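Chain residues, written in single-letter form:
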Amino acid sequence: MPTPPDAPVIRIDAPGSFPRAVFRERHPVLVRQVLDALPYGPRQRAALEELLARSTGGAPLEPLGPDAPDAAQWRAWGGGLWGRPWDEAPFLWAESWFYRLLLEATGYFRPDGAWRGVDPFAPFKAAELTGPAVDAELAALDALPPDPRPALLAAALWGNRADLSFQLTARDGDRAPDLVADDGARLWAALERAPGGRVGLVADNAGRELLPDLVLADHLLTSGLAGHVALYVKPQPYFVSDATTADALVTLARLRTAPGRAAAATGERLWRATADGTLTLRTHPFFCAPLPYAAMPADLRAELSGATLTILKGDLNYRRLLDDRHWPATTPFAALTAHFPTPVAALRTLKSDVLAGVAPDTLARLDATGPDWRTNGRHALVQVRA
């Protein structure tokens with residue numbers, strides 16, 4: 001399949017655009033919630049307010065100080081952007097940089113500070129795993145049908161609506177789902193062609209989304225569709241609710257102590273699978289990079305290579321897979337993902353502008369509903385390049 005021509009990179013400087021609203025509307029809400037969630041001192045509070053002012057006021061982009069552990073890496077990732085105004089940066093890069101600076105402001109990396117290693121989003125993530133709603137969802141595993149695949153895939157897909165960043169500005173009417181592309185049958189067929197192989201599952205959010213991801217991983221292992229599942233998480237807090245190793249362990253413990261028999265048994269199997277290596281937790285600095293997956297380093301590409309299928313969860317992974325550009329929505333998904341080192345599946349609730357692989361009639365129907373359907377979380381997709 002021929003490579004499509006480049007499309008414009010999505011930026012944050014267009015008035016009235018979704019990316020601009022993220023910086024002008026969502027980030028101020030987020031900073032207020034972070035300040036309310038933990039008793040940060042004057043130093044951290046002032047740094048967060050300064051970050052908000054600089055990122056929404058068009059201040060020049062300045063690299064990290066030399067004492068930051070990832071200063072050299074970010075200098076390279078930001079090549080050509082340092083000294084330019086925030087508004088001139090690509091949306092993917094600018095949003096990633098905002099979250100890196102949020103960690104800097106809270107003292108997450110300071111070797112001499114009491115806030116070192118404290119996840120500023122931990123209170124939000126913990127709240128996601130508590131309450132009767134989660135118990136009810138887990139208890140529902142006791143009533144799975146004889147063929148659980150459609151239900152498990154749907155749960156892993158629509159669990160992405162639990163994204164805490166999206167919830168900051170979502171409205172009550174933004175909840176009714178609509179699947180705009182469905183390659184679910186192709187996903188299962190890709191796994192059935194090579195049963196017992198290695199499957200990569202690149203997680204997105206912690207909490208209520210990670211629970212069905214773990215249940216899906218358990219099904220892949222117990223059904224024999226996978227002999228090994230590698231669960232990839234972020235190396236540090238990122239994008240409010242993104243899952244880290246600590247989040248995965250907390251979520252696994254929540255599953256083990258669930259009220260339903262099936263959920264608890266699933267948790268025990270996954271605990272043993274982690275101990276014996278059939279389920280592995282993995283990460284890499286590139287999972288917090290402001291770059292598309294086409295730019296992944298050689299060591300990560302080599303690690304992913306050889307998998308039967310890599311399943312990418314969530315909106316951010318989709319943006320990175322497609323380079324966060326204004327592609328025509330009918331551009332073939334396979335053409336834009338040929339760079340990925342394995343067969344790839346995307347499970348995504350739509351919360352940003354980038355999109356490909358949509359049938360022309362579906363696109364016309366959705367465009368007729370208004371301009372917000374790509375970003376309001378009411379639509380989702382399953383897309384596969386096998």
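Placed above this text is the structure.
The text that follows walks through the structure, step by step, so that each part is easy to find. (Residues numbered from 1 in each chain as written. Predicted model: local features only at pLDDT ≥ 70, side-chain atom pairs only at ≥ 80, totals over all residues. Heavy atoms only, no water.)

1. Quick look at the overall build of the protein
- Across its full length, the protein carries 16 helices and seven strands.
- Expected size for 386 residues packed as a compact globule is a radius of gyration near 21 Å; at 20 Å, the protein falls within 12% of this value.
- Overall, the protein is about 55 × 50 × 45 Å in size when its C-alpha atoms are taken along their principal axes.
- When burial is assessed residue by residue, the protein has 56% of its 386 residues classed as buried.
- The contacts of the protein with a sequence gap of at least 6 include a subset with a gap of at least 24, amounting to 78%.
- When the accessible area of the protein is evaluated, it comes to approximately 15,300 Å², of which 56% is carbon and sulfur surface.
- Charge-centre separation for the protein: the mean point of 40 positive side chains lies 2 Å from the mean point of 44 negative side chains. (Helix = DSSP H or I, 4+ residues; strand = E, 2+ residues; numbered from the N terminus. Rg over C-alpha atoms; globule rule 2.2 N^0.38 Å. Buried < 20%, exposed > 50% of the residue type's maximum accessible area, 1.4 Å probe, protein only. Contact = heavy atoms within 4.5 Å. Areas by Shrake-Rupley, 256 points an atom, 1.4 Å probe, with all protein chains shown as cover. Lys, Arg positive; Asp, Glu negative; His and termini not counted. Charge placed at Lys NZ, Arg CZ, Asp CG, Glu CD.)

2. Side note on the packing of helix α7 (residues 149-158) against helix α10 (residues 210-222)
- Across the interface, α7 lies against α10 with an axial gap of 8 Å and an inter-helix angle of 145 degrees. Crossing handedness for the pair α7 and α10: left-handed. Contact with α7, carried on its side by R149, L152, A155 and A156, involves P212, D213, V215, L216 and H219 of α10 and no other residues of that element.
- In the contact of α7 with α10, the residues fall into six nonpolar, one polar and two charged. (Axes fitted to C-alpha atoms, helices over the stretch in contact; angles between N-to-C directions. Left-handed = near helix turned anticlockwise from the far one by under 90°. Nonpolar A, V, L, I, M, F, W, Y, C, P; charged D, E, K, R; others polar.)

3. As for the sheet that holds strand β2 (residues 197-202)
- The seven strands are arranged β1-β7-β6-β5-β2-β3-β4 in an open sheet whose pairing can be described as mixed. Edge positions in the sheet fall to β1 (178-182) and β4 (279-282), since each of these pairs with one other strand and no more. Mean inter-strand twist for the sheet, computed between neighbouring axes without regard to direction, equals 15 degrees.
- Along the sheet, α10 contacts β2, β3 (226-232), β4 and β5 (309-313); its crossing angle with β3, the most-contacted strand, is approximately 160 degrees. (Pairing = 2+ DSSP bridges.)

4. Comments concerning unusual backbone geometry
- Unlike most non-glycine residues, D323 shows phi in positive territory, near 70 degrees.
- Within the secondary structure, D323 sits in the loop between α14 (314-321) and α15 (333-336).
- Located in the positive-phi region is D324, a residue other than glycine, with phi close to 45 degrees.
- Mapped onto the secondary structure, D324 falls in the loop between α14 and α15.

5. Focus on the side chain of R100
- Looking at the element boundaries, R100 is found in helix α4 (residues 91-106).
- Discounting residues that sit within four places of it in the chain, R100 has contacts with L64, A68, P69, D70, W74, F109 and Q236.

6. Digging into helix α11 (residues 245-256)
- Between its first and last C-alpha atoms α11 spans 17 Å; for twelve residues at 1.5 Å apiece the expected length is 16 Å, and the two agree.
- What α11 keeps buried is the set D247, A248, T251, L252, R254 and L255. Considered in projection along α11, the buried side chains sweep an arc of 155 degrees and stay on one side of the axis.
- The elements touched by buried residues of α11 are α5 (122-128), α6 (132-139), α10, α12 (261-276) and β4. (Expected span 1.5 Å × (residues − 1). Arc of directions from axis to C-beta.)

7. Observations regarding the packing of aromatic side chains
- Taken as a whole and assessed by the stated rule, the structure comprises 19 aromatic pairs.
- Here the aromatic rings of W82 and W93 are separated by 5.5 Å at their centres, their planes lie at 70 degrees, and the arrangement is edge-to-face. Of this pair, W82 sits in the loop between α3 (71-77) and α4 while W93 sits in helix α4, and the two are eleven residues apart along the sequence.
- Owing to a relative accessible area of 4%, W93 belongs among the buried residues under this scheme.
- Both rings, one in Y108 and one in F109, keep their centres 5.0 Å apart while their planes meet at 80 degrees; by these two values the pair is edge-to-face.
- You can call Y108 buried: its relative accessible area is 15%.
- Judged by its relative accessible area of 16%, F109 falls in the buried class.
- Grouped by ring-pair contacts, the aromatic residues F23, W86, F98, Y99, F121, Y238 and F239 constitute a single cluster.
- Over the ring of W271 we find R256, and its NZ or CZ is 3.9 Å from the ring centre.
- Against the face of F286 rests R320, its NZ or CZ located 4.6 Å from the ring centre. (Phe/Tyr/Trp six-rings, centres within 6.5 Å; stacked < 30°, edge-to-face > 60°. Lys NZ or Arg CZ within 6 Å of the ring centre and 35° of its normal.)

8. Quick notes on helix α16 (residues 360-367)
- Every buried residue of α16 is accounted for by T362, L363 and L366. Viewed end-on, α16 has its buried residues packed into an arc of 100 degrees, placing them on one side of the element. What points out from α16, more than 90 degrees from its buried face, is the exposed set P360 and D361.
- Where α16 is buried, its residues meet β1 and β7 (379-385).

9. Focus: the nonpolar core
- Within the largest apolar cluster, 75 residues are counted, with the highest numbers of intra-cluster contacts made by L30, W86, F98, Y293, Y318 and L322.
- At ten residues, α4 tops the list of elements feeding residues into this core. (Core = buried A, V, L, I, M, F, W, Y, C linked by side-chain atoms within 4.5 Å.)

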